[in-house]
Amino acid sequence: MLEFTGSEHTDRRTLFVEVVLPLGIAINYTYRVPYDLNDQIAVGKRVVVQFGKSKIYTAIVAGIGEQAPEKYEAKYIIDVLDAEPVVHQRQLQFWAWIADYYLCNIGEVMNAALPTALKLASETKVELNKEYPVDKTTLNDREYLIVDALELQPELTVNDIAKLLGQKTVMPILKMMFEKGIINISEEVSDRYKPRVRTFITLNPIYRDQDQLRELFGILEKRAPKQADAVLAYIQLSRSQKTISKSELVEASGAGAAAIKSLIEKEILFAEEKIVSRLVHDADDLEANFELSPAQQTALDEIKQGFEQKDVLLLHGVTSAGKTQLYIRLIEEMVNSGKQILYLLPEIALTTHIVERLRKYFGNAIGVYHSRFNDNERVEVWQKVLSGQYRVVLGARSSVFLPFKDLGLIVVDEEHENSYKQFDPAPRYNARDASIYLGHMYGAKVLLGSATPSFESFYNAHNGKYGLVKLTERFGGVEMPLIEVVSITEETKKKTIQSHFTSVLMQDINNALANKEQVILFQNRRGYAPIMLCKICAYTPKCINCDVSLTYHKSSGKLHCHYCGYKEDSPNICPACGSTQLEYKGFGTEKVEAELKLLLPDARIARMDLDTTRSKNAFQNILNDLDEHRIDILAGTQMVAKGLDFASVTVIGIISADSLLKYPDFRANERAYQMLSQVSGRAGRRGKQGKVVIQTYDPGHRVIQQVIAHDYVDLYNTEMTERKNFKYPPFYRLIEINIKHKDPEILHHQAEALARDLRKHFDDRVIGPEYPLVGRIRNYFIKTIILKFEKDNISMPKVRATIKDVITQFNTTKLSKGSVIQPDVDPY
DNA sequence: AGCACGCCGACT
DNA sequence: GTCGGCGTGCTC
């Protein structure tokens, strides 16, 4: 803390601050604090600084010192933005840990952590110079284009202009135009967070007097009937609600904004602007009491005991075992002890379902945080967590970065979900693992929950690093579903299969429909058909960027690339040989839906996949339709399996299990088990056993048998044994280093060279380089170098430091143009 | 991440 | 010759 020498004396010490900039830069930079900002500066506050020639950024103060840097003259900070710090010291430590652990820069962590609205950055804006009479005849082509555009739209960014001219380097041109006085160039800083302001209306209190009011009506009804309507509507609304906003009044009265405006001018109505939260929710009926089953109670006791020994616990409970109720109990106790709770869920499971459920117990003390929130909403959540108003936060992976004051418990639900891992921009962190470190920093307990734990968590639990609590009984006497495996080969031979639906599945669907129950069909592919093939010459249309087969989408009539989004018209004749004999191979959800509609014309069939849930509320709408039984059959991709609760779905059909089972990945079986058991776990309800039909060409597949037996432990053991003989051993830490390049030749040489360099330090622990599953993503070829380390036999900090070193050296001296290196730490 | 500087190939 | 693309290095 700083000392105050009294208000009449200014603090004359010369202070320097070290700041984190929201950029991918390796180090923090030092700025000087102007005297008049001395008493405002504090660690964790945002400051505005100029970085580089003209750019202005929001930076976070990470440290304060009095030592002037020797090798350079520090710039002054421009301003301090906050009265109170927006991040705690502990968060800065957390950022540093993430940066170190996931091999990235702290600025990149800051970028992921802070809501964008808290990061103002300057943008170079170009305007016409009004003092300069534009004589267009003297301009060259490019200048003419720019001036023309500026006359239509007074402000353009540098990026706009680059697009306009279709060239990359525009600064020289702009500079020239600036020197000629044609344009002005300015750095504009925008504060992105805007509180929501609403206008509230009140009636002038003199009209509380009935006579006055009657008189008023008399006048208004004659001269301004619209205004009379508005006053009437106000009086009606005021009976049912305390505050009335202007928009509500406009809507209720039908009088239009003009009528209300003139009422305000006549001082019949008063208008008042107030800042309102975007996050208001009715704290309606708080229904707090439910009974735990004996099995749940035992598990709850075990968890509490477990937390006395261990900081991290794995709760391995079958689907529908009522894990959420256990979480609620634990959260309740923690709330009562005055600590904060973070409840992490995969993005997709953050539906109003679960939010509403929790809000019932915790009312307005619960906040929700995920990527579908806009910037302003995120800032409001951030501030409410910071102030401690939110005791519980329900959020997706990025909520590990929220400014908790005193975290007591972190629940990671569905901990195996790989959506906890961020892949593309750095930091490439896994929120599950990060939350374990976060918990450690706060002295908080971490509960990992899953019906199908990830192998790494199960391994840690078995070796005593984590505690383990099991919950093997479904809640409320719901039976485990009956699983039937149907051989597609057999039914094809017997000709009992219709389209993609075996007689067994059709029978079950019909039964369900007859009983007014619902059905979910699972097909792990979207679109109509994943491959288009010429029967004559075997030509297959491929993506021009990604080299993968294009998927036919009937709804658009186009061929889509599922990696980069490229689309082209579906050809009628083969582009290679001109034949008309083009056929579709394989099938996706679109085809499942279409064919089923032909077979069951009376059933209400809907589809849920990436294509049908693209718009903002589509996902929720489909769920509501299902909930309120406007849908009989829902066909979908993985989406239908992830953490959704459907009350009256009794039949689940897996149209083809084979695409799951044959996935060419060393974790394929683990994933297939997870997917199959998750989907099937959705079947059934109280008093009605669910039925799952798995259609496959390979009914004897080991994983299918394990799913039927609900034997996760057997899966774990067999997989572990098999992997010991494989080159990716199970008990190792893996670090992946991806190299990208557009040219496969160059990529190959670069990857080989990097692997050689890494081998100098790590010998045979370097695997690769090799192509990962998809060799080409978004225009780049990728090769992966995998480093494996025996878990207990290595100092990971040292390893990370060495890798960082090698990569930095490689980056500076040996990397050819267009290459990108992405270290990706997966402590497996 | 920007932005400047400097080298190099392609064009009036 | 010059313009624009692209690699490289630097920013407190």
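This structure is a prediction, so every number in the text was calculated from the model and none was measured. (Residues numbered from 1 in each chain as written. Chains lettered and ligands numbered in written order. Predicted model: local features only at pLDDT ≥ 70, side-chain atom pairs only at ≥ 80, totals over all residues. Heavy atoms only, no water.)

> Even after reading the chapter, I still don't get the overall build of chain A, so can you show me in this structure?
The number of helices and strands found in chain A is 25 helices and 33 strands. Taken over C-alpha atoms, the radius of gyration comes to 31 Å for chain A, in line with the 28 Å a tight globule of 828 residues would show. Projected onto its principal axes, the C-alpha coordinates of chain A cover approximately 85 × 80 × 70 Å. Burial analysis of chain A (828 residues in total) assigns 52% to the buried set. Across chain A, contacts joining residues at least 24 apart in sequence account for 73% of those joining residues at least 6 apart. Per element, the accessible surface of chain A, about 39500 Å² overall, is 49% carbon and sulfur. When the 105 basic and 106 acidic side-chain charges of chain A are each reduced to a single mean position, those positions are 3 Å apart. (Helix = DSSP H or I, 4+ residues; strand = E, 2+ residues; numbered from the N terminus. Rg over C-alpha atoms; globule rule 2.2 N^0.38 Å. Buried < 20%, exposed > 50% of the residue type's maximum accessible area, 1.4 Å probe, protein only. Contact = heavy atoms within 4.5 Å. Areas by Shrake-Rupley, 256 points an atom, 1.4 Å probe, with all protein chains shown as cover. Lys, Arg positive; Asp, Glu negative; His and termini not counted. Charge placed at Lys NZ, Arg CZ, Asp CG, Glu CD.)

> What is the right way to read the nonpolar core from this model?
The tendency in soluble globular proteins is for nonpolar side chains to be buried side by side. Membership of the largest hydrophobic core comes to 150 residues, with the highest contact counts inside it found for Phe94, Trp95 and Leu787. In this structure, Leu203, Leu216, Ala230 and Ile260 belong to the second largest nonpolar core, which totals 23 residues. (Core = buried A, V, L, I, M, F, W, Y, C linked by side-chain atoms within 4.5 Å.)

> Just checking my understanding: could you explain the sheet that holds strand S7 (residues 156-157) for this structure?
Two pairing modes exist for strands in a sheet, parallel and antiparallel, and in both the strands are linked by backbone hydrogen bonds. Across the sheet, three strands lie side by side as S7-S6-S8; this open sheet has antiparallel pairing. Only two strands of the sheet have a single neighbouring strand rather than two, namely S7 and strand S8 (183-189). Where strand S6 (residues 122-128) lies against S7, two bridges are found, and the strand directions are antiparallel. The partner of lysine 125 across the bridge, within S7, is threonine 157. On the sheet, helix H3 (residues 141-152) packs against S6, S7 and S8 and is oriented at approximately 95° with respect to S6. (Pairing = 2+ DSSP bridges. Axes fitted to C-alpha atoms, helices over the stretch in contact; angles between N-to-C directions.)

> How do you make sense of the packing of aromatic side chains when you look at a structure like this?
Geometry of an aromatic ring pair is reported as the spacing of the ring centres plus the angle between the planes. This structure, assessed with the given rule, holds 19 aromatic pairs. Residues tryptophan 97 and tyrosine 437 carry aromatic rings whose centres are separated by 4.2 Å and whose planes lie at 5° to one another, so their mutual orientation is stacked. Separated by 340 residues along the polypeptide, tryptophan 97 in helix H1 (residues 89-101) and tyrosine 437 in helix H14 (residues 431-442) bring together distant segments of the chain. Between phenylalanine 458 and tyrosine 712, the aromatic rings sit 4.8 Å apart at their centres with planes inclined by 80°, giving edge-to-face as the arrangement. One end of the pair, phenylalanine 458, is in helix H15 (residues 455-462); the other, tyrosine 712, is in helix H23 (residues 712-724), and 254 residues separate them in sequence. An identical accessibility class is assigned to phenylalanine 458 and tyrosine 712; each is buried. Of the aromatic side chains, those joined through ring pairs into one cluster are Phe94, Trp97, Tyr101, Tyr102, Phe401, Tyr429 and Tyr437. Directly above the ring of tyrosine 442 sits arginine 90, whose terminal nitrogen or CZ lies 4.1 Å from the centroid. The residue whose ring lies beneath lysine 274 is phenylalanine 200, and the NZ or CZ to ring-centre distance is 5.3 Å. (Phe/Tyr/Trp six-rings, centres within 6.5 Å; stacked < 30°, edge-to-face > 60°. Lys NZ or Arg CZ within 6 Å of the ring centre and 35° of its normal.)

> Sorry, what's going on with the environment of arginine 359 here?
By the element assignment, arginine 359 lies in helix H12 (residues 352-362). Classification of arginine 359 as buried rests on a relative accessible area of 9%. For the pair arginine 359 and valine 392, spaced 33 residues apart in the sequence, the C-alpha separation amounts to 9.9 Å.

> Got a minute to help me understand the protein's contact with DNA strand B in this structure?
Inspection of the region around DNA strand B gives Leu23, Lys53, Lys55, Tyr57, Thr124 and Met171 as its neighbouring residues. Each atom of DNA strand B within 4 Å of the protein was classed as base or backbone; sugar and phosphate made up 89%. Tyrosine 57 places a side-chain nitrogen or oxygen 3.0 Å from a phosphate oxygen of DNA strand B. One of the side-chain N or O atoms of threonine 124 is found 3.3 Å from a phosphate oxygen in DNA strand B. In terms of residue class, the surface near DNA strand B is built from three nonpolar, one polar and two charged. (Near = heavy atom within 4 Å. Polar contact = N/O pair within 3.5 Å; in protein donor to acceptor, adjacent residues only side chain to side chain. Nonpolar A, V, L, I, M, F, W, Y, C, P; charged D, E, K, R; others polar.)

> In this structure, what is going on with the sheet that holds strand S21 (residues 551-553)? I would like to understand it.
Reading across from one edge, S21-S22-S23 is the order of the three strands in this open sheet, with antiparallel pairing throughout. The sheet terminates laterally at S21 and strand S23 (567-569), the two strands that pair on one side only. Direction aside, neighbouring strands of the sheet carry axes that sit 35° apart on average. As paired elements, strand S22 (residues 558-560) and S23 share three bridges and run antiparallel to each other. In the sheet register, leucine 559 faces S23, and the bridge partner there is glutamate 568.

> For this particular structure, what's the right way to read the packing of H15 against H23?
Two quantities define a packed helix pair, namely the angle between the helix axes and the distance between the axes. Viewed as axis vectors pointing N to C, H15 and H23 meet at an angle of 95°, and their least axial separation amounts to 12 Å. Taken together, the axes of H15 and H23 lie roughly perpendicular to each other. Packed against H15, whose contacting residues are Phe455, Phe458 and Tyr459, the element H23 presents Tyr712, Val713, Leu715, Tyr716, Glu719, Met720 and Arg723 at the interface. A breakdown of the residues in the contact of H15 with H23 according to their chemical character gives eight nonpolar, no polar and two charged. (Parallel < 35°, antiparallel > 145°, perpendicular 65-115°, else oblique.)

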